[in-house]
Amino acid sequence: QVQLVQSGGGVVQPGRSLKLSCAASGFSFSDYTMHWVRQAPGKGLEWVAVVWYDETRKFYGDSVRGRFTVSRDNSKNMLYLQMNSLRGEDTAVYYCAKEATTLGYCSPTSGCLATDYWGQGTVVSVSS
Amino acid sequence: DIVVTQSPDSLAVFLGERATINCKSSQSVLYRSNNKNYLAWYQQKPGQPPKLLIYWASTRESGVPDRFRGSGSGTDFTLTISSLQTEDVAVYYCQQYHSTPVTFGGGTRVEIK
């Protein structure tokens, strides 16, 4: 069965860095475009980033562009989110999510796909 | 960016009665090339990740009960729960995936009256 198991969250001071991981299993990871979505405490969902199945393209939300980097290692079935220059407003539960169909070309000029499986979430708390 | 607006913010419905949630996008999420609306609905219960209910505006995800129905096209969409059950108490989000940045509505909390 499809599983996305997340790790790497924690408490970090403003300005510091943190790297989240998402271990995928139960599907052909290298065929699927993957997303990161976050949810601040008591708030709604905010899209963070997307990486194409072959890692050729990546796109980011305005609030994280230039500070966060999404990457993947298809040989290890792993998805990552490197978060630098963290701010208090980055405090949230972070989710990785898989697109519902293979070979998605999500971009500003072409459609993405809905996400059918999500990780369990990992908490990131940015505080001094 | 496409702004997605949901209404109401919350609603309380009697068991067995209908719940209706609206979602409006600031621009059309319909791609005429394939006639698909890039709009999904998710259900989120406390402490859990979101669960995909509906995609392409009206296609139910496998295993989702048929009391959940998505409708609409272009910029106006609706999620209807035809007969509310206790397990449907949750927050519901619509999402446009027409293009990045992918955006979500603010959520609608559904409770039992």
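The model shown is predicted, which means the values in this text are computed figures rather than measured ones. (Residues numbered from 1 in each chain as written. Chains lettered and ligands numbered in written order. Predicted model: local features only at pLDDT ≥ 70, side-chain atom pairs only at ≥ 80, totals over all residues. Heavy atoms only, no water.)

Enquirer: Which parts of the structure should I look at to understand the sheet that holds strand β9 (residues 68–73) of chain B?
Expert: Within a sheet, each strand pairs with its neighbour through backbone hydrogen bonds, oriented either parallel or antiparallel. Residues and elements named next belong to chain B. Taking strand neighbours across the sheet as the criterion, the 4 strands line up as β1-β3-β10-β9 in an open arrangement whose pairing is antiparallel. This sheet does not close on itself; its edge strands, each paired only once, are β1 (4–7) and β9. Going across the sheet, the axis of each strand differs from the next one's by a mean of 15°, ignoring polarity. Summarising the sheet, β1 and strand β3 (residues 19–25) pair through 4 bridges and their orientation is antiparallel. Considered in β3, the bridge of V4 is made with S25. (Pairing = 2+ DSSP bridges. Helix = DSSP H or I, 4+ residues; strand = E, 2+ residues; numbered from the N terminus. Axes fitted to C-alpha atoms, helices over the stretch in contact; angles between N-to-C directions.)

Enquirer: Explain the sheet that holds strand β7 (residues 68–73) of chain A to me, please; I cannot follow it from the model alone.
Expert: Residues and elements named next belong to chain A. Spatially, β1-β3-β8-β7 is the arrangement adopted by the 4 strands of the open sheet, whose pairing is antiparallel. Both edges of this open sheet fall to β1 (3–7) and β7, since each of them pairs with a single strand only. Recorded for the sheet is a direction-independent mean angle of 15° between the axes of neighbouring strands. Two strands pair when backbone bridges link them, and β1 and strand β3 (residues 18–25) are joined in this way by 5 bridges, in the antiparallel orientation. Directly across from Q6, in β3, lies its bridge partner C22.

Enquirer: When you look at the interface of chain A and chain B in this model, what are you seeing that I'm missing?
Expert: Often, the extent of an interface is quoted as the loss of accessible area on bringing the components together. Taken residue by residue, the interface counts 25 residues in chain A and 22 residues in chain B. Where chain A touches chain B, the interface holds 0 salt bridges. Where chain A meets chain B, there are 7 residue pairs in polar contact (both at pLDDT 80 or more). At the level of elements, β4 (34–39), β5 (45–51) and β10 (115–118) of chain A are the ones that each hand at least two residues to the side of chain A that touches chain B. The element contributing the most residues to the side of chain A that touches chain B is β5(A), with 4 residues. Class assignment of the residues belonging to the side of chain A that touches chain B gives a composition of 12 nonpolar, 9 polar and 4 charged. (Contact = heavy atoms within 4.5 Å. Salt bridge = Lys/Arg side-chain N within 4 Å of Asp/Glu carboxyl O. Polar contact = N/O pair within 3.5 Å; in protein donor to acceptor, adjacent residues only side chain to side chain. Nonpolar A, V, L, I, M, F, W, Y, C, P; charged D, E, K, R; others polar.)

Enquirer: In this structure, what is going on with unusual backbone geometry? I would like to understand it.
Expert: Note: most peptide bonds trans; most residues except glycine with negative phi. Residues and elements named next belong to chain B. Going from S7 to P8, the amide bond is cis rather than trans, its omega being -5°. Inspection of the secondary structure puts P8 in the loop between β1 and β2 (10–13). Each neighbour pair has its own omega, and for T100 with P101 the value is -5°, a cis peptide bond. Mapped onto the secondary structure, P101 falls in the loop between β11 (90–96) and β12 (103–104).

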